[in-house]
Amino acid sequence: LYLNIWTPATSAKDSLAVLVFIHGGAFTEGSGSIAVYDGEELAKKGIIVVNINYRLGVFGFFTHPELTAESSNKACGNYALLDCIAALKWINNNITAFGGDPARVSISGQSAGAAIVHALTASPLAKGLFSSAMAISGSSLGRFNARVMADAEKSGVEFAVQKGVEDIAALRQLDAAALITRVAGDNPIRFGIVADGYVLPENLKDIFEKGKQNDVPTLTGITADDAGALNRKVTRREFTENAKRAFGDKAGSFLALYPATTDGEAAGNAVQAARDMNKIETFKWAAFRAKTAATPVYTYYFDRAIPWPEHPEFGAFHSGDLPYYFLTLKQFDRPWTSVDTLVAETASSYWVNFVKTGNPNGAGLPEWPTFDSDKKVTFRLGEKPEVMPLADEKKMEFYLGF
């Protein structure tokens, strides 16, 4: 467990704002040292960049009734969150030596890291350790949940059985390789954040609903093809069957809005439906948050696709926005154009402004409005930054009513 720190400060008195980035990887993989997260170029814009690591998989999220019983807090399973909180405490205590301002620490995470950002915003143990938050891919009410402790403990017992042992003492005798080797079968144990009664006293949704969260300015959004890029290959039959599974007796209304008379039409509308739904899910999350939050939230939709001639079907895929925010385009051998350079400069400037002030807006940038539940819009980040509608009116009505 260590931190990577990039600072442009020339003195401990510079008092620069700090970005703390929490990597993604489905809670099972990843590192703060991956090239796309390199903070050097971003730090040149006048902030300190810190990338942290946290325990992953079984080491970061394992729950078991015996662990709960032996804990002084009668809790287990959120070790990865405790790692992040320990890193934030270290930063608050030591970042002045790097020219940083401990009162202006912004946490940002992508994918699984975004889920951790939400959990830290809900955790009383993280209170006062950061001043703003960015959840990159993303925010939705469906993702805004933690595992129930009793269910997580049952999974821990099942994990031990899968490893051929009966208790914690026997698990502790296994080496690391044996613990992290995935067990074959249809129901592998998945690890994740748990409402443990300590790091998270309740489910995240309940904490926010009661207004008990760490209320800080928040920026959140998705890429255009965050969860729908591969829909370009869906057939008419598959699209129709998927609609019936997802929407039940409302599938007919959905298919009227997104017709599938041919395979080509189905594939095109599958992509469009995923894009519309993701924008609207972010809106629904922001509207839920706004009921108890006093601070603003800024939502976005990133639609610049990385140039990838071999795989144009991936579009603006999950994590494809990160090289633009971090200004790390040169780390990758792609046919970048002046448009990509412009998008990176603009998107990173919004990021830096938010880290510095809790507001992404600044001189020379198109105005990014704060979220307003009465306005069904979001902000497009891409070749042309601008306010855009979530979808056409009938499609919005369908998704907002589902």
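Before going into details, it helps to say that this report is about the structure given with it. Keep in mind that what you see is a predicted model, and the values were worked out from it rather than measured.

Here we take up the overall build of the protein. Broken down by element type, the protein carries 15 helices and 11 strands. A principal-axis box enclosing the C-alpha atoms of the protein has dimensions of 60 × 55 × 45 Å. When each of the 402 residues of the protein is scored for burial, the buried share is 51%. Charge-centre separation for the protein: the mean point of 40 positive side chains lies 3 Å from the mean point of 45 negative side chains.

Okay, the sheet that holds strand β3 (residues 48-52) next. The strand order across the open sheet formed by nine strands is β1-β3-β2-β4-β5-β8-β9-β10-β11, and the pairing between neighbours is mixed. Taken across any chain shown, the strands that pair with only one partner, and hence form the sheet edges, are β1 (3-6) and β11 (386-389). Along the sheet, successive strands turn relative to each other by an average axial angle of 25 degrees, direction set aside.

Another point: the nonpolar core. Ranked by size, the top nonpolar core spans 81 residues in total, and within it Val20, Ile116, Leu120, Phe130, Ile193, Leu200 and Phe254 carry the most contacts. By residue number, the principal contributor to this core is helix α12 (residues 263-290), which donates nine residues. Among residues more than four places away in sequence, those in contact with Phe130 are Leu88, Val105, Ile107, Leu120, Thr121, Asn214 and Val216.

With respect to the element layout, Ser139 can be found in the loop between β5 (132-136) and β6 (147-148). A distance of 2.5 Å separates the side chain of Ser139 from the side chain of Thr220, its partner in a polar contact. Not counting chain neighbours up to four residues away, the residues in contact with Ser139 comprise His118, Thr220, Glu281, Thr282 and Trp285.

Every α-helix winds through 3.6 residues per turn, so residues three or four apart in the chain are directed the same way. Buried residues dominate helix α5 (residues 112-122), accounting for 10 of its 11 residues. Within the sequence span of α5, burial applies to Ala112, Gly113, Ala114, Ile116, Val117, His118, Ala119, Leu120, Thr121 and Ala122. Lining the buried residues of α5 we find β2 (16-22), α4 (79-94), β4 (100-110), β5, α9 (204-209) and α12.

Tracing the chain through its elements places His64 in the loop between α2 (57-61) and α3 (65-70). Along the backbone, His64 and Gly77 are 13 residues apart, and their C-alpha atoms lie at a distance of 8.0 Å. In this structure His64 touches Cys76, Glu153, Gly156, Val157 and Ile168, once residues within four positions along its chain are discounted.

Take the layout of surface pockets next. Of the voids in this model, the largest pocket is the one considered here, and its volume is about 490 Å³. Contributing elements (two or more residues each) for the lining of the largest pocket: α2, α6 (149-162) and α8 (176-180). What lines the second largest pocket is a set of 20 residues, among which Tyr37, Gln110, His318, Ser319 and Leu322 lie closest to the centre. Class assignment of the residues belonging to the lining of the second largest pocket gives a composition of 10 nonpolar, eight polar and two charged.

This part takes up the state of the cysteines. Applying the stated criterion across every chain, the model contains zero disulfides. As a non-bridged cysteine, Cys76 has Cys84 as the owner of its nearest cysteine sulfur, 17 Å distant. Using a relative accessible area of 0% as the deciding quantity, one classes Cys84 as buried.

Further remarks concern empty space enclosed by the protein. One way to see where empty space is left: roll a probe the size of a water molecule over the atoms. Tallied over the entire structure, the rule returns two cavities of 30 Å³ or more. Around the largest cavity sit 13 residues that line it, and Thr121, Phe208, Val216, Thr218 and Arg289 are the ones nearest its centre. Breaking the lining of the largest cavity down by element, the ones donating at least two residues are α5 and α12. No other element matches α5, which puts three residues into the lining of the largest cavity. Per-class residue counts for the lining of the largest cavity are six nonpolar, five polar and two charged. By volume, the second largest cavity amounts to about 40 Å³. Lining the second largest cavity we find Ile222, Lys279, Thr282, Phe283, Thr299, Tyr300, Tyr301, Val377, Thr378 and Leu390.

The rules behind the values
- Residues numbered from 1 in each chain as written.
- Predicted model: local features only at pLDDT ≥ 70, side-chain atom pairs only at ≥ 80, totals over all residues.
- Heavy atoms only, no water.
- Helix = DSSP H or I, 4+ residues; strand = E, 2+ residues; numbered from the N terminus.
- Buried < 20%, exposed > 50% of the residue type's maximum accessible area, 1.4 Å probe, protein only.
- Lys, Arg positive; Asp, Glu negative; His and termini not counted.
- Charge placed at Lys NZ, Arg CZ, Asp CG, Glu CD.
- Pairing = 2+ DSSP bridges.
- Axes fitted to C-alpha atoms, helices over the stretch in contact; angles between N-to-C directions.
- Core = buried A, V, L, I, M, F, W, Y, C linked by side-chain atoms within 4.5 Å.
- Contact = heavy atoms within 4.5 Å.
- Polar contact = N/O pair within 3.5 Å; in protein donor to acceptor, adjacent residues only side chain to side chain.
- 1 Å grid on protein atoms, 1.4 Å probe; cavity = no way out; pocket = protein on both sides within 12 Å on 5 of 7 lines; lining within 4 Å.
- Points joined across faces, edges and corners; volume = space filled by probe spheres on them.
- Nonpolar A, V, L, I, M, F, W, Y, C, P; charged D, E, K, R; others polar.
- Disulfide = S-S within 2.5 Å.

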